[in-house]
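Spelled out, the chains give:
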Amino acid sequence: MRGYIAMLAVDKDFRKRGIGSKLVKLAVNVMKEKKANMVVLETEITNQGALSLYANLGFVRDKRLHRYYMNGVDAFRKKLWLTPPEEFN
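Only a predicted model underlies this, so the values are computations on that prediction, with no experimental measurement involved.

Cut-offs used in this document
Residues numbered from 1 in each chain as written. Predicted model: local features only at pLDDT ≥ 70, side-chain atom pairs only at ≥ 80, totals over all residues. Heavy atoms only, no water. Helix = DSSP H or I, 4+ residues; strand = E, 2+ residues; numbered from the N terminus. Rg over C-alpha atoms; globule rule 2.2 N^0.38 Å. Buried < 20%, exposed > 50% of the residue type's maximum accessible area, 1.4 Å probe, protein only. Areas by Shrake-Rupley, 256 points an atom, 1.4 Å probe, with all protein chains shown as cover. Lys, Arg positive; Asp, Glu negative; His and termini not counted. Charge placed at Lys NZ, Arg CZ, Asp CG, Glu CD.

Outline the overall build of the chain, supporting the account with residue identities and numerical values.
Within the chain, the secondary structure is distributed over two helices and four strands. Taken over the C-alpha trace, the chain has a radius of gyration of 13 Å; the compact-globule value for 89 residues is 12 Å, and the two agree within 12%. In terms of overall dimensions, the chain has a C-alpha envelope of 40 × 30 × 20 Å along the principal axes. Residues counted as buried form 30% of the 89 residues belonging to the chain. For the chain, the accessible area works out to roughly 6300 Å², and carbon and sulfur atoms hold 52% of it. Each charge sign in the chain was given a centre, from 17 positive and 9 negative side chains, and these centres are 2 Å apart.

Here it is, written out as structure tokens:
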């Protein structure tokens, strides 16, 4: 089973306080409890803060999605494996 983070945002006045990391960790823990094998999300390729956050939490780039957002910006699909890929059979 695959978990999915559709949207996560932290108000600019509250960034750099670990809130985003805490929210992602809470979501991932719930997905682990529900027996998800991986977590998937998309983020704009221009959002350096989000890219750093997800990289620090172990997410890896899966693919580039051209013109993914309505504003025409590309996205990266990112994945976090919760179990080794060979266990997906």
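Moving on, there is more to tell.
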